[in-house]
Amino acid sequence: MKHLIGIDLGTTAAKCAIYGDDGTCLADAQEEMKILYPRSGEAEQDARDFYTVACRLIRSCLASSGIDGKSIAGIAIDSQMGGIMSIDNNFRPVTYYDTPLDSRSAAENRFMHEHHGDLILRKNGSFSTFGNKILYWKKKNEWKDIHAFIQPSAYVAGMLAGLSGTQAYMDETFICFSGLADLEKSSWSEELCRALEVDGAKLPRILKSTDIIGATTSAAHRDTGLPEGIPIAAGCGDQTAGFVGAGILDTGQIVDVSGTACILGVCVDAFRCDAQHKTLACVKSAVGDRYYLISVVLGGRTHNWFIEEFCAEEAERIRHGGGDVYRELDEKAARIAPGSDGLISINYLQGRFFPPDPSVRGLFIGHTWTHTRPHFYRAILESIAYDHYLTREIIRELLPPTALHAVTAIGSGAQSELWMQIKADVLQASYQSLERSDLSTLGSALLAGFSIGIFSRPEEVTRRFVKPKKRIDPRPGADLPYRKNIEIYGELFRALKEVYRKMAS
């Protein structure tokens, strides 16, 4: 049997897993990723951590699996998608990883989209989440030392393969968020680089996710215990890896991701641009020629924030007793009437990606003295469903002839039956969870397998490896109590636009 390694460098945690060529997970390991918050609105990660953590996880998996490292046939890595890091000519990090949670480039974000927003959207299929960060670093002393801007997945892969700065790359799944690309042509846009005065020499070559970028070196052997010469695929963004792992590869398939980022997306057969609503991003698939239309809310981060800040004592008591804090809060929230008795939440605590507005902040509105903590918790869950409803309506406009499938639910939030039922009721669509939860590491391992020819038919392979678990159907008429809140939720962003700007200034 040949074995494959998939590594997932997520926002809050890094994971590694070793798989057999039959899809069996033989070993896995996980480690928390440190995010520093120097001041309000600032967030950063030490770029070097991605490599050191990945090396520890690989060693751990090799040790626990008991397999001979010589049976490892390929490696692929995915990483979080919204930020950017940089390297010098020797492939050493110059800047920290500038995460999408950081808002220091808010002025650059506004400049890009107010002056060139339509062109950015038309070329990239999305507004920028990290091109504005490149403009921010252009004003800093570090700029002169930067050879190329890359993603954490490419940094770890490049370190394992001993790449130089001139061999730096970015795979196709990331470039839509640059604000500097031509996604259909899979190239950097000379027009946008010229308009934004970005030196194209600091942008790396663009590769397909399944391209082989090199093989493990003697230094990688020293750091990980892996043999030399193992092929390494270019890798991809963490969300697209999860889509591959979940088998979201056919036109019309809808996926709901409930993680740090909460995403509703659909697989489409060609490049699409949401020019009217400016809410959906078009992302290249990691395999094949398809794309995804997605909306993004950092709702899972808000979910965790609420528990950490307002339920800390209760959460500690539940964990100490061996319970699950999310399950217990779900049970309490389930006793609250749909619509949370008029309470509505906005979960964009540090800016809105699409349409881009870095000034947006969190909000609870409609609460009275009768509202309790479970009301607020339920309102957070419901607001994601409202956002997804508005997204689904835009998808229907853009793809009127396409038959939309039941929603495949992935991410940690897919374990919440309450949340899945709320979403199913609001959207009046069936939700289907999966037996596996290791979808990003599995997706990366599959990429490694595709890149070296172990697997050839992506749809067939994922159907073999991933099976459905639980289906939750909508209750007829259960969307009625939510309709007023959905309408108000959409209106709040327009009504508060200038208020948010005043607060930000």
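Source: prediction; values computed, not measured. Sequence positions are assigned chain by chain, starting from 1 and proceeding in written order. Reporting of local features is limited, given that this is a predicted model, to residues whose pLDDT is at least 70; pairs of side-chain atoms are given and counted only at 80 or more, and all residues count toward the totals for whole chains, interfaces and linings. Values shown for side chains rest on all heavy atoms present in the structure; no hydrogens or waters enter the calculation.

Draft legend 1. Expanded view of the overall build of the protein. Per the secondary structure count, the protein includes 16 helices and 24 strands. What the globule rule says is 2.2 Å times the number of residues to the power 0.38, and the radius of gyration is computed from C-alpha atoms. Here the protein has a C-alpha radius of gyration of 22 Å; the compact-globule value for 505 residues is 23 Å, and the two agree. Along the three orthogonal principal directions, the C-alpha set of the protein runs to about 65 × 50 × 50 Å. For each residue, the accessible area found with a 1.4 Å probe, counting protein chains only, is set against the maximum for its type, and the residue is called buried under 20%, exposed over 50%, and partly exposed in between. Residues classed as buried in the protein amount to 59% of the 505 residues present. Residue contacts are defined here by distance: any two heavy atoms, one from each residue, within 4.5 Å place the two residues in contact. Taking the contacts inside the protein whose residues are at least 6 apart along the sequence as the reference set, 72% of them involve residues at least 24 apart. Taking the average location of the 56 positive side-chain charges in the protein and that of its 63 negative ones, the two points are 1 Å from each other. A helix here means a DSSP run of H or I that spans at least four residues, while a strand means a run of E at least two residues long, and both kinds are numbered starting from the N terminus. Only four residue types enter the tally: Lys and Arg on the positive side, Asp and Glu on the negative side; His and the chain ends are excluded. To locate a charge, take atom NZ for lysine, CZ for arginine, CG for aspartate or CD for glutamate.

Draft legend 2. Summary view of the nonpolar core. Counting residues in hydrophobic clusters, the biggest one holds 125 residues, and the most contacted among them are F177, F243 and I294. For I294, the residues in contact, after removing those within four places along its chain, are F177, F243, I263, L264, G265, T279, L280, A281 and V283. Among the buried residues, those of types Ala, Val, Leu, Ile, Met, Phe, Trp, Tyr and Cys that are joined through side-chain atoms within 4.5 Å form a nonpolar core. In this structure, A14, A161, L207 and A234 belong to the second largest nonpolar core, which totals 45 residues.

Draft legend 3. Representation of the side chain of S189. Mapped onto the elements of the fold, S189 is located in the loop between strand 11 (187-188) and helix 5 (190-195). What makes S189 buried here is its relative accessible area of 5%. For this analysis, a polar contact is any N or O atom pair within 3.5 Å, provided that within protein one partner can donate a hydrogen and the other can accept it, and provided that sequence-adjacent residues contribute only side-chain to side-chain pairs. Of note is the side chain of S189, whose polar atom sits 3.1 Å from the backbone nitrogen of L192. Once residues within four sequence positions are removed from consideration, S189 is found in contact with K123, L180, A181 and D182.

Draft legend 4. Molecular detail of unusual backbone geometry. Cis geometry is found at the peptide bond from F354 to P355, where omega equals -15 degrees. Note on placement: P355 falls in the loop between strand 20 (344-346) and strand 21 (363-365). The phi dihedral of E197 falls on the positive side, at around 55 degrees, and the residue is not glycine. Along the chain, E197 turns up in the loop between helix 5 and strand 12 (205-207). Given the relative accessible area of 59%, E197 is considered exposed.

Draft legend 5. Structural view of helix 3 (residues 131-138). Within helix 3, seven of the eight residues are buried, leaving the element largely enclosed by the surrounding structure. Within helix 3 the residues assigned to the buried category are G131, N132, K133, I134, L135, Y136 and W137. Considering only its buried residues, helix 3 is in contact with strand 7 (97-98), helix 2 (106-124) and strand 8 (148-150).

Draft legend 6. Layout of helix 1 (residues 48-65). The end-to-end C-alpha separation of helix 1 is 26 Å, in line with the 26 Å expected for 18 residues at 1.5 Å each. Residues F50, Y51, V53, A54, C55, L57, I58, C61, L62 and S65 constitute the buried set of helix 1. G66 sits one or two positions beyond helix 1 and adopts a positive phi of about 75 degrees. Each residue after the first adds 1.5 Å to the expected span of a helix.

Draft legend 7. Spotlight on the side chain of S359. Along the chain, S359 falls in the loop between strand 20 and strand 21. Overall, the relative accessible area of 3% leaves S359 in the buried class. Engagement of the side chain of S359 in a polar contact is seen with the side chain of R110, the distance being 3.4 Å. In this view, S359 contacts R110, Y500, R501 and A504; residues no more than four positions away in its chain are not counted.

Draft legend 8. Up close: the sheet that holds strand 22 (residues 407-410). Here, strands pair whenever DSSP counts at least two bridges between them. Taken together, seven strands build an open sheet; the order of strands is 18-19-17-16-22-23-24 and the sheet is mixed. Two strands lie at the open edges of the sheet, namely strand 18 (281-284) and strand 24 (468-472), each paired on one side alone. Strand-to-strand twist in this sheet, taken as the mean axis angle between neighbours without regard to direction, amounts to 30 degrees. The pairing of strand 16 (residues 254-258) with strand 22 spans four bridges and is classified as parallel. By the bridge assignment, I254 is partnered in strand 22 with V407. Between the N-to-C directions of two axes lies an angle of 0 to 180 degrees, each axis being a line fitted to C-alpha atoms and, for a helix, fitted only over the stretch in contact.

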